[in-house]
Amino acid sequence: MQRRLTRQTWLKVHLYLALIAGFFFALMGLTGSVSVYREELDELLNPQLVIEQPQGKYQSLDRIMAAVRQAHPDRHGAWTLEMPRSPHSMATVWYDKPQETFFELYAPLMVSVNPYTAEVVSSRLWGRTVTTWLLDLHTRLRSDRFGGNAVGILGALLMVSIVTGLYLWWPGTRQLRQAFTIRPDAGMIRLAFDLHRSIGLLSAVVLLVLSGTGVLLSYPSLLESLAGASGMAHGETGRDIISTAVPNNHPTGLAAATFMAQGGFPRTELRRITTPVGDSGIYRINLRQPGEINRRHPYTTVWVDRWSGQVKDVRNPKDFSAGETIATWIWPLHTGEALNDTGRFIWFLAGQSLFFLYVSGLLHWLYRRGRIRDRKIDFAALRPMFYRLARHSYRVGLALCRHGVMLARKARSHIAAGLALLLRQLERWRMAMANRQKRIGKNS
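The structure reproduced in this document is the subject of the present report. Here the structure is a predicted model, which is why all the values come from computation and not from measurement.

Bringing the pattern of salt bridges into the picture now. One pass over the structure, following the stated rule, counts 18 salt bridges. For the salt bridge of Arg-296 with Glu-82, the shortest nitrogen-to-oxygen distance reads 2.9 Å. A residue pair is termed long-range when its members are at least 10 positions apart, and Arg-296 in the loop between strand 6 (282-288) and strand 7 (300-305) and Glu-82 in strand 1 (residues 80-82) qualify at 214 residues. Grouping residues by exposure puts Arg-296 and Glu-82 together as buried. The residue Arg-142 makes a salt bridge to Asp-136 at a minimum N-O spacing of 3.2 Å. Among the charged side chains, a network of salt bridges with common partners joins Glu-39, Glu-40, Glu-43, Glu-82, Arg-85, Glu-269, Arg-271, Arg-272, Arg-296, Asp-341 and Arg-344.

In terms of burial, strand 7 is largely enclosed, as 6 of its 6 residues are buried. Across the two faces of strand 7 the burial is the same, with Thr-300, Val-302 and Val-304 and Thr-301, Trp-303 and Asp-305 all buried. Note: strand 6 against strand 7, 6 bridges, orientation antiparallel. Its bridge partner lying in strand 7, Ile-282 is registered against Asp-305. For strand 7 and strand 8 (residues 311-315), the ladder comprises 4 bridges, and the chain directions are antiparallel. Note that in strand 8 the partner of Val-302 across the bridge is Val-314.

The full count for this structure, using the stated rule, is 11 aromatic pairs. Seen from their ring centres, Trp-79 and Tyr-95 are 4.8 Å apart, and the 40° between their planes marks the pair as tilted. Pair noted here: Trp-79 is in the loop between helix 3 (61-71) and strand 1 and Tyr-95 is in strand 2 (residues 91-95), with a separation of 16 residues, a long-range link. According to the relative accessible area criterion, Trp-79 is buried, its value standing at 0%. For Tyr-95, a relative accessible area of 10% gives the class buried. Between Tyr-106 and Trp-126, the ring centres sit 5.3 Å apart and the planes meet at 75°, which makes this aromatic pair edge-to-face. Residue Tyr-106 is found in the loop between strand 2 and strand 3 (109-114), and its partner Trp-126 is found in the loop between strand 4 (119-125) and helix 4 (130-140); the two are separated by 20 residues along the sequence. Taken together, the aromatic side chains of Tyr-37, Phe-345 and Phe-348 make up a single cluster linked through ring pairs. When the ring centre of Phe-102 is taken as reference, the NZ or CZ atom of Lys-97 above it lies at 5.9 Å.

What counts as what
Residues numbered from 1 in each chain as written. Predicted model: local features only at pLDDT ≥ 70, side-chain atom pairs only at ≥ 80, totals over all residues. Heavy atoms only, no water. Salt bridge = Lys/Arg side-chain N within 4 Å of Asp/Glu carboxyl O. Helix = DSSP H or I, 4+ residues; strand = E, 2+ residues; numbered from the N terminus. Buried < 20%, exposed > 50% of the residue type's maximum accessible area, 1.4 Å probe, protein only. Pairing = 2+ DSSP bridges. Phe/Tyr/Trp six-rings, centres within 6.5 Å; stacked < 30°, edge-to-face > 60°. Lys NZ or Arg CZ within 6 Å of the ring centre and 35° of its normal.

Written out as structure tokens, the structure reads:
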């Protein structure tokens, strides 16, 4: 076996994986990196979802839910109210199985509500917007359960590709310095190959984390077997809790149920509340304790009886076993939110790197087969193009910064001051670039 697993064997494995599944690796990377900023992109594409001037306090949960039911009187069943992630964001109310997408695996109705006025701003179906379409492509290839299984298999193949790539990269201790060398003057193909090795090495650890967690998210049963924990998926708890109180004319409202739930967790943040269905239905309230790693889907859960207002059961992450604690890390690790904004940006770059690795590897393979020719890169000839690109980038960046300053002034004064400083730095950079270009023109 050791004699057969030579370098040529691993090279063929790495090559065939790239040729067969490389396009899907790149697709998963691009859609995943964009989905890291899904909510921000959705607000950028839909300005009506941004509250420019927050005023006063949030309306009561009962009034927000009443506005949603009034806008959708024919939709019966459970609703899940998700609180805004920032003072400028909408509250989102989810309805899992609308008639329009009833036979799809996951395509809920998303109702955006202004929490300050209880006004229903928009009602959209999952998969019918740009951001949810891209996320559905990333998680299931737009093919429901079959696509989800295929994504899990692609994640496992990506792990094999990364490991074989690291093995092929290792040059030995004597030539380790040469493995990090990038030679821009050796030709286009050589430069692409050097960048392929360097970017692959820099992104290997992050891509292993992303592919490994992606496999576990695609196969929840595998995660349950490895961690010895069940009911850890979003919207699931593994518990079937029903109301045992006698129905009456004074049911507990959403605000009162939330007040009861936070009684045992006074320092928590309300994230979600699911309404009861039928006489035996019960409120399920998701709270986030300080330090809880999962920000959007926290695991602190309290069940409150609809008729008696009593707390029926509690799930506290501080009481989790080691396996359950590990399971709580899978989703925030895959999305990058476990490492805050810095982690999300690193995850974004790692997803983009998959596309570059596919393109650069494909160029090298086509060159080896004689389909394309190598050519020298004339950086002097490309210099004017770089200057034009720099000028256009400056204009776009300046426009974005001006827009950011306008929004920041409405939010906080110190943020606006920071962006104004950035604008001044950009102006100095532009002047320096312009003076440098004039000097180059005179020398020519």
